[in-house]
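One letter stands for each residue in the lines below.
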Amino acid sequence: MKSTIVGVATGSPDGGVAVVRLSGPRACDVARALVGELPEPRRLARRNIAVDLETGEGDDGLVVVMPGPGSFTGEDVVELHVHAGARNVRSVVEACLACGAIAAEPGEFTRRAFEAGRLTLDQAEGIAAVIGAQTDEALAQARRLASGELGRQVDAMRDALVDLRAEIEANLDFPEDVDPADVHRWEQEVTDARVEVAGWLARFEAGRRARERARVVLAGPPNAGKSSLFNALLGRARAIVADRPGTTRDFVEAELSIGRHGAMLVDTAGLRSPGAEGADEIEALGIALTHEQVEGGDLVLWIEGADTNTGGLPSSERVIHVETKRDLGCRRPEWIGVCLADGRSEGIDELRRALEQWFATRGDSAWIGLARHRDRAREAFDELGGAADLLRREEPLELVAFSLGAAERRLGEITGRSALGPISEEVVNRIFARFCIGK
């Protein structure tokens, strides 16, 4: 018989309410020892939750019972809604432990839900992604993953391959009677499936980048107004601004929200020849760091004032050109013009729109799969390629069926549901170890 586990299901315990969750065959017994009579299933009821079993001293809270198999974990679940605060919550958990529950491991509630068939492995990973999302776009993709959108795509593909393999295996005993037209049709179906998986893989990088914070690097010659623009985009004074060239010696980072996306904005030292007048050894080190940031950045805002013309970086999808000091004139009308003199912020809205457009382009047709899903899909892609090649060369159908079965297994490992065998315990352990306790 499985143990009964207990954990704190809510986040930081310094809010108004915390939820202590019990799951397992003795969840109701443990809860009954603390609160007495339990309410009807799925109805919140007010109870005194004893934290001292001898005196009956306790917390005034709410209790809800969710019997299995219709609960989140598929087991009997009881939730104790108590006043938050680290000490109070800990006392409730310790009382549950004293009554026979054991402390939940990281992700153990969600793992039990997966093992009970309440959700697939990709959905469980989606829950972890929801908890860890740092941007609105990452949260949107995580919610889609948790809803089972990826699993439905994968299952549809697997079902088609199962049907195809069954048809091919039905002809194994009489290969001489196989119609060449059928072989051609099988090859086309395998090729179509491979094209669909290739589409997933092609869109994976767009999805990954949309979930992560992009590094947006401000670069250009000294005294171009990079630090002023950096502060204007942030809406606060974060970088030192001065008229003297070479003020910025190191790169400065700050988080920036662009619509639904998150970015790390990076201000850098002005780029000029190390031997230029006024340049010193420390500034030279800063210039070297600037080159590193430009190389490693996802997007570069190349910034020059209307009073200079260095040529700058060539146009590309990862470069946006900005001309500052537009109060002095307009040297480059095709660049985004900005004027920040005397407290003005002209052009900032246009620049933010350009940034939003760049992010929107990056996220087009994003595939919501995570790295593990990509790896399994890539393996399925390779197996499908092998099956198509075997059919093209009129190799034995047993080999074709074997390759299709291997592709099915790779896809089944994405959701954790495979007719060809369970996903390995090592993979499951690695996935749920990344969860927090209580989830």
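Residues numbered from 1 in each chain as written. Predicted model: local features only at pLDDT ≥ 70, side-chain atom pairs only at ≥ 80, totals over all residues. Heavy atoms only, no water.

Asker: I tried to follow the sheet that holds strand S3 (residues 45-50) on my own but got confused; where do I start?
Answerer: Sheets are built from strands paired through backbone hydrogen bonds, the pairs being either parallel or antiparallel. Read across the open sheet, the six strands follow the order S3-S4-S5-S2-S1-S6; overall the sheet is mixed. The sheet terminates laterally at S3 and strand S6 (102-103), the two strands that pair on one side only. Relative to strand S5 (residues 77-83), strand S4 (residues 58-66) is paired through five bridges, and the arrangement is antiparallel. Bridge pairing links Met66 to Val77 in S5. Of the strands in this sheet, strand S2 (17-23), S3, S4 and S5 touch helix H1 (residues 27-35), which is tilted by about 80° from S3. Helix H3 (residues 108-115) rests against strand S1 (5-8), S2 and S6 of the sheet, and its axis sits at about 130° to S1. (Pairing = 2+ DSSP bridges. Helix = DSSP H or I, 4+ residues; strand = E, 2+ residues; numbered from the N terminus. Contact = heavy atoms within 4.5 Å. Axes fitted to C-alpha atoms, helices over the stretch in contact; angles between N-to-C directions.)

Asker: In this structure, what is going on with the packing of helix H6 (residues 149-169) against helix H12 (residues 397-415)? I would like to understand it.
Answerer: Helices that pack against each other are described as a pair by the angle of their axes relative to one another and the distance between those axes. H12 packs onto H6 with a crossing angle of 160° between their chain directions and a minimal axis gap of 9 Å. With respect to their mutual orientation, H6 and H12 come out roughly antiparallel. The crossing of H6 and H12 is left-handed. Packed against H6, whose contacting residues are Leu150, Gly151, Val154, Asp155, Met157, Arg158, Leu161, Val162, Leu164, Arg165, Ile168 and Glu169, the element H12 presents Leu397, Val400, Ala401, Leu404, Gly405, Ala407, Glu408, Leu411, Gly412, Ile414 and Thr415 at the interface. (Parallel < 35°, antiparallel > 145°, perpendicular 65-115°, else oblique. Left-handed = near helix turned anticlockwise from the far one by under 90°.)

Asker: What should I look at first to understand the confidence of the model for the protein in this one?
Answerer: The predicted coordinates should not be examined in detail at positions where pLDDT is low. On average, residues of the protein score 86 in pLDDT, and 88% of them are at 70 or above. Confidence, read as mean pLDDT per element, is least for helix H13 (residues 425-432) in the protein (68) and greatest for S5 (95). (pLDDT = per-residue confidence, 0-100.)

Asker: Can you walk me through the nonpolar core in this structure?
Answerer: Considering soluble globular proteins, one finds that nonpolar side chains tend to be buried as a cluster. Counting 31 residues, the largest nonpolar core has Leu161, Trp186, Val190, Trp200, Leu384, Leu404 and Leu411 as the members making the most contacts within it. Elements supplying a minimum of two residues to this core: H6, helix H7 (180-211), helix H11 (371-392) and H12. Among the elements that line this core, the one with the most residues is H11, at eight residues. When residues no more than four places from it in sequence are discounted, the contact partners of Leu411 are Val154, Met157, Arg158, Leu161, Trp200 and Ala380. Counting residues in each nonpolar core, the second largest holds 26 residues, with Ala214, Val216, Leu218 and Phe230 among its members. (Core = buried A, V, L, I, M, F, W, Y, C linked by side-chain atoms within 4.5 Å. Buried < 20%, exposed > 50% of the residue type's maximum accessible area, 1.4 Å probe, protein only.)

Asker: Just to check I follow, could you spell out the pairing of S4 for this structure?
Answerer: A regular strand carries its side chains on alternate faces of the sheet. Two strands pair when backbone bridges link them, and S3 and S4 are joined in this way by six bridges, in the antiparallel orientation. Looking at the pairing, Arg46 lines up with Leu62 of S4.

Asker: Where do I start with the side chain of His321 in this structure?
Answerer: Looking at where His321 falls in the secondary structure, it is placed in strand S11 (residues 319-324). Polar side-chain contacts of His321 include one of 2.6 Å to the backbone oxygen of Leu313. Residues contacting His321, with those up to four places away along its chain left out, are Trp302, Leu313, Pro314, Ser315, Trp335 and Ile336. (Polar contact = N/O pair within 3.5 Å; in protein donor to acceptor, adjacent residues only side chain to side chain.)

Asker: I would appreciate a short explanation of the sheet that holds strand S10 (residues 299-305) in the present structure.
Answerer: Strand order in the open sheet formed by six strands is S8-S9-S7-S10-S11-S12, and the pairing between neighbours is mixed. Whereas interior strands pair on both sides, the edge strands pair on one side only; in this sheet they are strand S8 (252-258) and strand S12 (336-337). In the sheet, S11 pairs with S12 via two bridges, with the strands oriented parallel. For Val322, the partnering residue across the bridge sits in S12 and is Ile336.

Asker: Help me understand the pairing of S10, please; the structure alone is not making it clear to me.
Answerer: With respect to burial, S10 is a largely interior element, seven of its seven residues being buried. Relative to S10, strand S7 (residues 214-219) runs parallel, the two sharing four bridges. The partner of Ala219 across the bridge, within S10, is Trp302. Inspection of the sheet shows S10 paired to S11 by six bridges, in the parallel sense. Note on S11: the bridge partner recorded for Val300 is Val319.

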